[in-house]
Amino acid sequence: MRGKHRELLRFVLVGGASFVITMTITYGLKFTVLTDKPVTALIIGVLVATVFSYVANREWSFRSRGGRERAHEAALFFLLSAIALGLNALPQLVSRYVFKLEQPHVGLLAQEIADFVSGVIIGTLLGTAFRWWSFKKWVFPEAGARPRLLRGGGRETSDIPDDSAA
């Protein structure tokens, strides 16, 4: 199973690290300099994590995939990540500004729980699902396009099956 789903496992691990980066920055900003701008804090946290995510996904998660010039690949990655950022922020925007789950309409604890559930859990799930699908489809579309050089000068063959049709 590990070999068959290696890309997904690596993608999830990079996503976990990106999640930690997002939360650290988001809550650091939210409880200090952006106390009145929780959605802005979330967006900044996600943007910083996205830069990390590009490097980690390109060089580790999808290391054998490619098919695009690097500048085109990066542009697509950041464009699709911007769409995912919107998907990530949408549930918190709805929670705060449609359902009014913010002070003074609700208490501080209820507001923070609503922010966490909507922005962190629901938003992250939406953004992650979109990223997985869109990165494999458009950013890194060809399996085995970037075989790695081995110490002896040979090239690594991909042990990751091409499941892009799935």
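Residues numbered from 1 in each chain as written. Predicted model: local features only at pLDDT ≥ 70, side-chain atom pairs only at ≥ 80, totals over all residues. Heavy atoms only, no water.

By the naming in an unreviewed UniProt entry, the chain is GtrA-like protein, taken from Amycolatopsis decaplanina DSM 44594. Its UniProt record gives the chain the following Subcellular location (unreviewed entry) comment, quoted word for word: "Membrane". (UniProt positions renumbered as here; feature names shortened; annotations may be inferred.)

Caption draft 1: Spotlight on the UniProt feature "transmembrane region" (unreviewed entry) in the chain. Within this numbering scheme, the UniProt entry marks residues 7-27, 39-56, 76-93 and 113-133 as carrying the feature "transmembrane region" (unreviewed entry). Across residues 76-93, the secondary structure splits into 100% helix and 0% strand, with the terminal C-alpha atoms separated by 25 Å. Here residues 113-133 runs as 100% helix and 0% strand, with 29 Å between its end C-alpha atoms. (Helix = DSSP H or I, 4+ residues; strand = E, 2+ residues; numbered from the N terminus.)

Caption draft 2: Region of the structure containing unusual backbone geometry. A cis amide bond, omega 10°, links Q103 with the succeeding residue P104. Tracing the chain through its elements places P104 in the loop between α3 (70-97) and α4 (108-139). The backbone phi angle of K100 is positive, close to 60°, even though this residue is not glycine. Take K100: it is sitting in the loop between α3 and α4.

Caption draft 3: Quick peek at the packing of helix α1 (residues 6-30) against helix α2 (residues 38-61). Viewed as axis vectors pointing N to C, α1 and α2 meet at an angle of 150°, and their least axial separation amounts to 8 Å. Overall, the two elements α1 and α2 adopt an arrangement that is roughly antiparallel. The element α1 and its partner α2 pack so that their crossing is right-handed. (Axes fitted to C-alpha atoms, helices over the stretch in contact; angles between N-to-C directions. Parallel < 35°, antiparallel > 145°, perpendicular 65-115°, else oblique. Left-handed = near helix turned anticlockwise from the far one by under 90°.)

Caption draft 4: Here's a closer look at the nonpolar core. Among the nonpolar cores identified, the biggest contains 12 residues, and these are F11, Y54, F62, A74, L76, F77, L80, A84, F130, F135, V139 and F140. Counting residues per element, the ones that place at least two in this core are α3 and α4. No other element matches α3, which puts five residues into this core. Setting aside residues up to four positions removed in sequence, F130 forms contacts with L80, I83, A84 and L87. (Core = buried A, V, L, I, M, F, W, Y, C linked by side-chain atoms within 4.5 Å. Buried < 20%, exposed > 50% of the residue type's maximum accessible area, 1.4 Å probe, protein only. Contact = heavy atoms within 4.5 Å.)

Caption draft 5: Highlighting the environment of S18. Tracing the chain through its elements places S18 in helix α1. For S18, a relative accessible area of 8% puts it in the buried group. A sequence separation of 33 residues divides S18 from V51, and the C-alpha atoms of the two residues are 9.2 Å apart. Contact partners of S18, with chain neighbours within four places excluded, come to A49, F52 and S53.

Caption draft 6: A look at the environment of I121. Counting through the fold element by element, I121 comes out in helix α4. Distance in space between the C-alpha atoms of I121 and P91 is 9.4 Å, their sequence separation being 30 residues.

Caption draft 7: Broad picture of the pattern of salt bridges. The final tally for this structure, using the stated rule, is nine salt bridges. In this structure, R65 engages E7 in a salt bridge whose closest nitrogen and oxygen atoms are separated by 3.6 Å. Remark: E7 occurs in helix α1 and R65 occurs in the loop between α2 and α3; sequence separation between them is 58 residues. Across this residue pair, the class does not change: R65 and E7 are buried. The shortest N-O distance in the salt bridge between R96 and E102 comes to 3.7 Å. In this structure R96 comes out as buried when scored by relative accessible area, which is 6%. E102 gets classed as buried once you look at its relative accessible area, which sits at 15%. Linked by salt bridges that have partners in common, K30, R96, E102, E112 and D115 make up one network. (Salt bridge = Lys/Arg side-chain N within 4 Å of Asp/Glu carboxyl O.)

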